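Structural features, examined
What follows is each chain in one-letter form.
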Amino acid sequence: MNVQKINNKDKLAFQKLIAVFGVILFIGKIVAWKLTNSDAVFSDAMESIVNVISAFMGLYSLYLAAKPKDEEHPYGHGKVEFVTSGIEGALIAIAGIMIIYEGVNSLVVGKILNKLDWGIWIIAATAIVNYFLGYISIKKGEQENSLVLISSGKHLQSDTITTLGVVISLVVVYFTKIYWIDSVVALIFGGYIIVVGYKIVRKSLSGIMDEQDPELLNQIIKVLEDNRRTEWIDVHNMKIQQFGANLHIDAHITLPWYYSLRDAHNEMEKMIILLAENINRDIEFNFHMDDCKPISCPLCQIKDCPVREKDFVKRVTWTPENVTRVDKHTVDH
């Protein structure tokens, strides 16, 4: 079994754990709501329904993303992670709206709360479990480059913050008997939840539309720049697509025009191996070899070039701007 399959199994197993805990915590919050009759606790319980739905959606998306490429999906199924993560972000934002609605309703109608001590302990316990489960999910998602695990972890941690708000309001109400306080706290954290949901949706849409990831691009350029060979005259027209945890990199590499096909291919392979060994992702490459033109001479660092037409002027440092540029002759092709 290869490393990718092992990683997929680990991600699926962890997402199953998140789904199971989501159900358990939701039941705990429903019990707390029944005991306290608190609208704030009720809204927190409703937000947990989103946790459960999101956990199972994430499980399904990881299952699809782990499927191998086929004729209908030549790039694999990894894009589904962006779709499900976007839906999850939307559900988080909806949960925030629900919390605000319940908070406003409580302020208008007013309610007497019961058995707050029981509610405090139960809700506090769910907050602790949620936070640590979310922390582990985010760390594992970063290690596995899984947007689903990262968004699930952020969702759990955002749920923790709102849950803590509920706990604080219950504690204050328990001692002061001022019942509208928990509604005000719910309104504040409901707004926070909406912001978190928006950010997750925004990240998902950027992945679906193949928006450039500046951090990833800079990481790739640094690897190339730090290990640059003189034979690599230029790199341009670089584009990066993300498919779940996997990457697809297109680029043009300019090499000496007098190289044999074998020599040019070997240089291209050296660049591919360099990136594959230094970028902790599964990468599919589509590199195009360009022959150098006289305009390349002032930038070419090959000292013993037998066909140089112009003197060397300076070494150009590769940057996001010049590595992603599209040369005119590339468009013409």
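One can find the structure itself at the top, above this paragraph.
The following paragraphs examine the structure supplied in this document. No experiment lies behind these values; they were computed from the predicted model shown.

**Looking at the environment of W232**
Relative to the elements of secondary structure, W232 occurs in the loop between α7 (214-226) and β1 (234-243). Separated by 68 residues in sequence, W232 and C300 have C-alpha atoms that sit 8.5 Å apart. Each residue touching W232, except ones within four places of it in the same chain, is listed here: N227, I253, T254, L255, E267, K270, M271, L274 and W318. Among the polar contacts made by the side chain of W232, one reaches the side chain of E267 at a distance of 3.0 Å.

**Regarding the nonpolar core**
Within the largest apolar cluster, 27 residues are counted, with the highest numbers of intra-cluster contacts made by I220, L224, M238, I240, I249 and F287. For this core, the elements supplying multiple residues, two or more each, are α7, β1, β2 (246-255), α8 (261-278) and β3 (283-291). Beyond its immediate sequence surroundings of up to four residues, I249 is in contact with I220, M238, K239, I240, I283, E284, F285, N286 and F287. Counting 13 residues, the second-largest nonpolar core is a separate cluster that includes L116, I123, V173 and V185.

**Notes on the pairing of β2**
Looking along a regular strand, one sees the side chains alternate between the two faces of the sheet. Across the ten residues that make up β2, a large majority, nine, are buried. Examined bridge by bridge, β2 and β3 share nine bridges and lie parallel to one another. Residue pairing across strands places A251 opposite F287, the latter belonging to β3.

**A word on the environment of W121**
Among the structural elements, W121 can be located in helix α4 (residues 116-144). Classification of W121 as exposed rests on a relative accessible area of 68%. Distance in space between the C-alpha atoms of W121 and V167 is 8.4 Å, their sequence separation being 46 residues.

**Digging into the packing of aromatic side chains**
Counted under the stated rule, the structure contains five aromatic pairs. Look at Y131 and F132: their rings are 5.7 Å apart centre to centre, the planes differ by 85°, and that puts the pair in the edge-to-face class. In this structure Y131 comes out as partly exposed when scored by relative accessible area, which is 38%. Members of the aromatic cluster, each reached through a chain of ring pairs, are W257, Y258 and Y259. Directly above the ring of Y174 sits K177, whose terminal nitrogen or CZ lies 5.5 Å from the centroid. Taking the ring centre of W318 as reference, the NZ or CZ of R228 above it sits at 3.8 Å.

**Here we look at the state of the cysteines**
Tallied over the full model, the rule gives zero disulfides. Between C297, a cysteine without a disulfide, and C305, which holds the nearest cysteine sulfur, the sulfur-to-sulfur distance is 6.3 Å. With no disulfide of its own, C300 has C305 as its nearest cysteine by sulfur position, at a separation of 5.5 Å.

**Notes on a nonpolar patch on the surface**
Together, V104, L107, V108, V109, I178 and W180 line one region of the surface with nonpolar side chains, adding up to about 590 Å² of accessible area. Among the structural elements, L107 can be located in helix α3 (residues 80-109).

Reading guide: rules and limits
- For every chain, the first residue of the written sequence is number 1, and numbering continues from 1 onward in sequence order.
- The predicted origin of the model limits local features to residues at a pLDDT of at least 70 and limits the giving and counting of side-chain atom pairs to 80 or more, whereas totals for whole chains, interfaces and linings rest on all residues.
- Just so you know, side-chain values use all the structure's heavy atoms and leave hydrogens and water out.
- Secondary structure elements are defined from DSSP: runs of H or I of at least 4 residues count as helices, runs of E of at least 2 residues count as strands, and each element is numbered from the N terminus.
- Contact criterion: two residues are considered in contact whenever any of their non-hydrogen atoms come within 4.5 Å of each other.
- By the criterion applied in these results, polar contacts are pairs of N or O atoms within 3.5 Å in which, for protein atoms, one can donate a hydrogen and the other can accept it, and in which residues neighboring in sequence qualify only through two side-chain atoms.
- To form a nonpolar core, buried Ala, Val, Leu, Ile, Met, Phe, Trp, Tyr and Cys residues must be joined to one another through side-chain atoms within 4.5 Å.
- Throughout this description, buried means an accessible area under 20% of the type-specific maximum (1.4 Å probe, protein chains only), exposed means over 50%, and partly exposed covers the range between.
- Here a strand pair is declared whenever DSSP counts at least two bridges between the two strands.
- Pairs were defined over the aromatic rings of Phe, Tyr and Trp, the Trp ring being its six-membered one, requiring ring centres within 6.5 Å. Orientation was assigned from the angle between planes: stacked under 30 degrees, edge-to-face over 60, tilted for the rest.
- Comment: the charge-over-ring label is applied if NZ (Lys) or CZ (Arg) is within 6 Å of the ring centre and within 35 degrees of the ring normal.
- Throughout, a disulfide means two cysteine sulfur atoms within 2.5 Å of one another.
- Without a salt bridge and with relative accessible area above 30%, a residue can belong to a patch; like charges are then joined within 9 Å and nonpolar side chains (Val, Leu, Ile, Met, Phe, Trp, Tyr) within 5 Å.
- The Shrake-Rupley method, run with a 1.4 Å probe sphere, supplies the accessible areas, and residue values consider only the shown protein chains as cover.
- For this analysis, a salt bridge means a side-chain nitrogen from Lys or Arg found within 4 Å of a carboxyl oxygen belonging to Asp or Glu.

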